[in-house]
Amino acid sequence: GVTQSPTHLIKTRGQQVTLRCSPKSGHDTVSWYQQALGQGPQFIFQYYEEEERQRGNFPDRFSGHQFPNYSSELNVNALLLGDSALYLCASQGFGEKLFFGSGTQLSVL
Amino acid sequence: GENVEQHPSTLSVQEGDSAVIKCTYSDSASNYFPWYKQELGKRPQLIIDIRSNVGEKKDQRIAVTLNKTAKHFSLHITETQPEDSAVYFCAASIGGVIYNQGGKLIFGQGTELSVKP
């Protein structure tokens, strides 16, 4: 399935964080979502062929990368308290449906 | 902009009863509507989905209906069981699962379903 690391992370305001995602075998497109407590996931961006293809309403502090093996990273700079959330990675392949990873729980203190 | 409204936010039913969750979407270009079940501390799991060229789809105890004119879609769970207790999310997407056009799902706010034995 979709693998994310780490599972939990605690950071301080102003710090930077990198989250990682390995897509399901055969999938080449990776999307990232932010899920605040008690809310539905919100789309951050999508990567395909190592390029950002779509982006949601998130500031430039949120950036990403996709590697040739289709894995992806999400980077968040200058962390704010409001960035505390579950970060979900989802992957899909040609004609396939979206599958989510278990997420990284980020706490910003 | 794109928006999905979901109701109710909480739903409590007795085991064996039916449960219905309703969603409304704003963008008429939306053409793919998945439903996800999320248990506490776990990933969202796709339970059923429907495309805009279909009005209804059923999978055992779960069914989804879509009214494109009204921009409404609903999840129906029959013969509910305690293990159905979870948070359910509806979502809408433009482009659906077409290669490289899917993935941007707009989610509703979620419905916490509680099935009492």
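What counts, and where the lines are drawn
Residues numbered from 1 in each chain as written. Chains lettered and ligands numbered in written order. Predicted model: local features only at pLDDT ≥ 70, side-chain atom pairs only at ≥ 80, totals over all residues. Heavy atoms only, no water. Helix = DSSP H or I, 4+ residues; strand = E, 2+ residues; numbered from the N terminus. Rg over C-alpha atoms; globule rule 2.2 N^0.38 Å. Buried < 20%, exposed > 50% of the residue type's maximum accessible area, 1.4 Å probe, protein only. Contact = heavy atoms within 4.5 Å. Areas by Shrake-Rupley, 256 points an atom, 1.4 Å probe, with all protein chains shown as cover. Lys, Arg positive; Asp, Glu negative; His and termini not counted. Charge placed at Lys NZ, Arg CZ, Asp CG, Glu CD. Pairing = 2+ DSSP bridges. Axes fitted to C-alpha atoms, helices over the stretch in contact; angles between N-to-C directions. Salt bridge = Lys/Arg side-chain N within 4 Å of Asp/Glu carboxyl O. Polar contact = N/O pair within 3.5 Å; in protein donor to acceptor, adjacent residues only side chain to side chain. Nonpolar A, V, L, I, M, F, W, Y, C, P; charged D, E, K, R; others polar.

Q: Help me understand the overall build of chain B in this model?
A: From N to C terminus, chain B includes zero helices and eleven strands. Mapped in sequence order, the helices and strands of chain B form the string β-β-β-β-β-β-β-β-β-β-β. The C-alpha radius of gyration computed for chain B amounts to 14 Å, which stays within 12% of the reference 13 Å derived for 117 residues, consistent with globular compactness. With the principal axes as the frame, chain B shows a C-alpha extent of 40 × 30 × 25 Å. A buried classification covers 44% of the 117 residues belonging to chain B. Here the contacts in chain B between residues at least 6 apart in sequence split such that 56% fall between residues at least 24 apart. With the model as given, the accessible surface of chain B reaches about 5800 Å², and the carbon-plus-sulfur share is 47%. Each charge class in chain B was averaged separately, 12 positive and 13 negative side chains, and the resulting centres sit 5 Å apart.

Q: I tried to follow the overall build of chain A on my own but got confused; where do I start?
A: The number of helices and strands found in chain A is zero helices and eleven strands. Secondary structure elements in chain A, listed N-terminal to C-terminal, are β-β-β-β-β-β-β-β-β-β-β. Since a compact globule built from 109 residues should have a radius of gyration of about 13 Å, the 13 Å found for chain A is in line with a globular shape. Dimensions of chain A, computed from C-alpha atoms along their principal axes, come out at roughly 40 × 25 × 20 Å. A burial count over chain A gives 50% of its 109 residues as buried. Expressed as a percentage of contacts within chain A between residues at least 6 apart in sequence, the contacts between residues at least 24 apart total 51%. When the 8 positive and 9 negative side-chain charges of chain A are each reduced to one mean point, those points stand 9 Å apart.

Q: What exactly am I supposed to notice about the sheet that holds strand 3 (residues 17-22) of chain A here?
A: Either a parallel or an antiparallel arrangement is found when strands of a sheet pair, and the pairing is made through backbone hydrogen bonds. Residues and elements named next belong to chain A. On the basis of which strands lie adjacent, the open sheet formed by four strands has the order 1-3-8-7 and antiparallel pairing. Of all strands in the sheet, those with a lone pairing partner are strand 1 (3-5) and strand 7 (62-66), marking the two edges. Neighbour-to-neighbour, the strand axes of this sheet turn through a mean angle of 20°, independent of strand direction. Two elements, strand 3 and strand 8 (residues 72-76), share five bridges in a ladder whose sense is antiparallel. Considered in strand 8, the bridge of Val17 is made with Val76.

Q: Is there a simple way to explain the interface of chain A and chain B in this structure?
A: Where interface size is given, it is often the accessible area lost as the parts come together that is meant. Contact with chain A, which involves 26 residues of that partner, is made by 20 residues of chain B. Summed over the shared surface of chain A and chain B, the result is one salt bridge. When the shortest N-O distance is used, the salt bridge between Asp49 of chain B and Lys97 of chain A registers 3.0 Å. Scanning the region where chain A abuts chain B turns up six residue pairs in polar contact (both at pLDDT 80 or more). Classifying every residue of the side of chain A that touches chain B by side-chain character gives ten nonpolar, eleven polar and five charged.

Q: Can you help me understand the sheet that holds strand 7 (residues 62-67) of chain B in this one?
A: Residue and element names in this part refer to chain B. With respect to topology, five strands assemble into an open sheet ordered 1-3-8-7-6, the strand pairing being antiparallel. Looking at strand neighbours, the two that pair on one side only are strand 1 (4-7) and strand 6 (56-59), the edges of this open sheet. Across this sheet, the average inter-strand angle for adjacent strands is 15°, counted without regard to direction. Relative to strand 8 (residues 72-77), strand 3 (residues 19-25) runs antiparallel, the two being bridged by six bridges.

Q: What is the right way to read the pattern of salt bridges from this model?
A: Two side chains of opposite charge can pair, provided their charged atoms sit close to one another. The final tally for this structure, using the stated rule, is nine salt bridges over all chains. With a shortest N-O distance of 3.3 Å, Glu49 of chain A and Arg53 of chain A are connected by a salt bridge. Across the pair Lys104 of chain B and Glu2 of chain B runs a salt bridge whose closest N-O atoms are separated by 3.4 Å. Of the two residues, Lys104 of chain B sits in the loop between strand 9 (86-93) and strand 10 (105-107) while Glu2 of chain B sits in the segment before strand 1, which places them 102 residues apart along the sequence.

Q: Got a minute to help me understand the pairing of strand 9 (residues 85-92) of chain A in this structure?
A: Remark: a regular strand shows side chains that alternate across the two faces of the sheet. All names here are of chain A. Burial runs high along strand 9: eight of the eight residues are buried. Two elements, strand 4 (residues 29-35) and strand 9, share seven bridges in a ladder whose sense is antiparallel. When the bridges of strand 9 are listed, Thr29 appears paired with Gln92. As judged from the two bridges shared by strand 9 and strand 10 (residues 99-100), these two strands associate in the antiparallel manner. Counterpart to Ala90 in the pairing with strand 10 is Phe100.

Treat this as a map of the structure, not an account of what it does.
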